[in-house]
Structures are given as C-alpha cells and as structure tokens.
Amino acid sequence: GNHTLLTKFVLSGLSSHPELQHLLFSTFCLIYTITVIGNLLIFMVTVHPTLCMPMYFFLQVLSFLDISTASIIVPKMLINFLSEDRSISYMGCATQLYCVIFLGATECYILAAMAYDRYVAICNPLRYAIIMNSRVCLSLVLLSCCSGNVVSVVQTAWVFTLPFCGPRKINYFFCDIPPLIMLSCTDTSLYEKQIIMATVLVIFTPFCLILVSYACIISSILKISSAEGRHKIFSTCSSHLTVVTLYYASGTLIYLRPKSSNSQDTKKFLALIYTTFPTLNPLIYSLRNKDVKGVL
C-alpha cells in the first residue's frame, strides 16, 4: 500500500558537476561518431569479394551489434549532458534495458561463434568450407539472436515486476539491472541469484567454449614448425582474444555481483567499456588483420 507508482525515472549521468557537462558532451559525441563511422567502414570493407569468408561475415554482425548498442545508449546520454531534464519514461527505461541486454547477450554468443570459426579454420583447414558453409553461419547468428532475446525478455520482465517505492533517481547513465534493483523496496536476494545464473549462461558458458576452442588452436599452433606460420595464426586470433577479454571481463564484474559494495563510479567505468568500447573494435580488427588493412 505504501508503494509509489512510478511513471518515469531520472538518470544521474556520469557526473553531477555542471562544469564538466559540455566537456563530456564533446568527448562522447566524438566517441560515438568514431564508433558509427569505424564500424560502418569495417562493415563495408568486409563485404568486399576478397573477404568472402565466415570470419568476416561474423565481423559484419559484430559491427552491426556494436553500432546498435552505442545508438541505444549514447544519444540519450548526450541529450542529458545539455539538459536539466534527465528523465526517462517507465516504458522507455524498460525498452532500453531490453535492447541493451539483447544486444549484449547476442554479442557474447557471436564472439563464441567466431572462436568456433577460428577453431575449424586452423584445426580442420581442409574441411573448413564444408563445415562453415553459409547455412551454418546463418544458423549460428540466428541461434545467438534467439538466445539473446530469451535472456533479455526474462531479465527485463523480472526487473520490472519488482516494486519501486524508493527514490526514482537512477545513479547511472542508462537503464541497467544493478542500479534498477537498488531502487526496489523488496528483498531482491532471489533475483540476485537469478542474475548470477543468467551471467553464467550468457558469459561463462560461451567463455568456456572459447577457452576450449583456443586450447585446441594452441595445440595445433605448437605442431607447426614454421615460426612465420605460427605468427600468422596468432595474429589472426589475437584481435578476437582482445575483444573477448575486455568485453567478458567488464560484463562479469558488473553482473556477477549486482548489489556489491563496489562504488557506482567503478560500475559506470566498467559499463563504459562495453557501451563505448565498440569504438576500439574497428581499430583492433583492422590494425591486427593484414587482409582487412589491404582492402581498406
């Protein structure tokens, strides 16, 4: 009976200092521009006939997911930097949360599919074209999207069935699970356990598959006598490993302990890695890949 019906939330943003707002706006406007242009460039480069391979098909999907993630979060954040009204509607918050979880979970599975692609290419090169045909690649992408959708629907429904009776201010720059459950006036211990299970499903399971794939890849690399051959294979895989490490590590630290004692500033910084981190993906994949640099 004491629960307050909320129709909107207020996002506190990255900083409460007015003198920093214009600087933050300029910085993240530049980052967002680079993110969109860089990923669009990677997308256009990878459709070149000389790069007609499953690895570059997955890279196209990854670029699309990165642009979408940034576009869900950054434009609203830029508006809030210059506006005194930082509110977001109840439905707007729910929609943003669904999109962020859907895109993030899908990307986790796509990164696992990319690791499997590298495993087949290195460990079964003669059967690579047969195993990783267009039907298999498309099926992996669709399976990743369906899995991400299921996880997102369940998580969003769980969060927005919680009663919010405290302050409506979200100490974050977008609607995410940890800051939202902190506004609930009920015991969320059961929900926190459910988040841990979802984290294991979305992050640790694909990560274990990636580790198995790279264990087989390393075993194959060690059997190659040519140092040049080993270096070429390692160079191909290193860009993917860099993306996996940064993306999975930040997600784990945020969602494995959603109501931990870590400061919100720390969580905001970690969240920036996977929301503005797509800026680095084009640089990582282009600078570490000779074929992409050649077409570029």
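Model, not experiment: these values are computed from the prediction.

Caption draft 1: Here's a closer look at the overall build of the protein chain. From N to C terminus, the protein chain includes 11 helices and 3 strands. Taken from N to C terminus, the helices and strands of the protein chain fall in the order β-α-α-β-α-α-α-β-α-α-α-α-α-α. Of the contacts made within the protein chain by residues no fewer than 6 positions apart, 80% connect residues no fewer than 24 positions apart. Total accessible area computed for the protein chain in this model is approximately 14,600 Å², and 69% of it derives from carbon and sulfur atoms.

Caption draft 2: Region of the structure containing the state of the cysteines. All chains considered together, the criterion is met by 1 disulfide. For Cys93, the disulfide goes to Cys175, at an S-S distance of 2.0 Å. Classification of the bridge connecting Cys93 and Cys175 rests on its S-S torsion, roughly -125°, and on that basis the disulfide is left-handed. Of this pair, Cys93 sits in helix H3 (residues 90–123) while Cys175 is found in the loop between strand E3 (169–170) and helix H6 (177–181), placing the two residues 82 residues apart along the sequence.

Caption draft 3: Quick look at the UniProt feature "transmembrane region" (unreviewed entry) in the protein chain. The UniProt feature table records "transmembrane region" (unreviewed entry) at residues 20–43, 55–75, 95–116, 136–160, 195–221, 233–257 and 269–287. Note that residues 55–75 is 100% helix and 0% strand, and that its end C-alpha atoms are spaced 30 Å apart. Secondary structure within residues 195–221 divides into 100% helix and 0% strand; the distance between the first and last C-alpha atoms comes to 38 Å.

Caption draft 4: Spotlight on the packing of helix H2 (residues 54–82) against H3. In contact at an axis separation of 10 Å, H2 and H3 are set at 160° when each is read in the N-to-C sense. Judged by the angle between their axes, H2 and H3 are roughly antiparallel. Considering how the two elements wind past one another, H2 and H3 form a crossing that is left-handed. Considered class by class, the residues forming the contact of H2 with H3 number 16 nonpolar, 4 polar and 5 charged.

Caption draft 5: Region of interest: the pattern of salt bridges. Per the counting criterion, the structure on display carries 1 salt bridge. Between Asp117 and Arg118 there is a salt bridge, with the nearest N and O atoms lying 3.0 Å from each other. On the basis of relative accessible area, Arg118 is assigned to the buried category, the value being 8%.

Caption draft 6: Structural detail: the side chain of Asp117. Inspection of the secondary structure assignment puts Asp117 in helix H3. Among the polar contacts made by the side chain of Asp117, one reaches the side chain of Arg118 at a distance of 3.0 Å.

Caption draft 7: Here's a closer look at the packing of aromatic side chains. For the structure shown, the criterion picks out 13 aromatic pairs. Both rings, one in Phe160 and one in Phe164, keep their centres 6.2 Å apart while their planes meet at 65°; by these two values the pair is edge-to-face. Of the two residues examined, Phe160 and Phe164, each falls in the buried class. Ring plane angle 50° and centroid distance 5.3 Å describe the contact between Tyr172 and Phe174, whose orientation is recorded as tilted. Overall, the relative accessible area of 0% leaves Phe174 in the buried class. By way of ring pairs, the aromatic residues Phe9, Tyr90, Phe160 and Phe164 are connected into one cluster.

What counts and how
- Residues numbered from 1 in each chain as written.
- Predicted model: local features only at pLDDT ≥ 70, side-chain atom pairs only at ≥ 80, totals over all residues.
- Heavy atoms only, no water.
- Helix = DSSP H or I, 4+ residues; strand = E, 2+ residues; numbered from the N terminus.
- Contact = heavy atoms within 4.5 Å.
- Areas by Shrake-Rupley, 256 points an atom, 1.4 Å probe, with all protein chains shown as cover.
- Disulfide = S-S within 2.5 Å.
- UniProt positions renumbered as here; feature names shortened; annotations may be inferred.
- Axes fitted to C-alpha atoms, helices over the stretch in contact; angles between N-to-C directions.
- Parallel < 35°, antiparallel > 145°, perpendicular 65-115°, else oblique.
- Left-handed = near helix turned anticlockwise from the far one by under 90°.
- Nonpolar A, V, L, I, M, F, W, Y, C, P; charged D, E, K, R; others polar.
- Salt bridge = Lys/Arg side-chain N within 4 Å of Asp/Glu carboxyl O.
- Buried < 20%, exposed > 50% of the residue type's maximum accessible area, 1.4 Å probe, protein only.
- Polar contact = N/O pair within 3.5 Å; in protein donor to acceptor, adjacent residues only side chain to side chain.
- Phe/Tyr/Trp six-rings, centres within 6.5 Å; stacked < 30°, edge-to-face > 60°.

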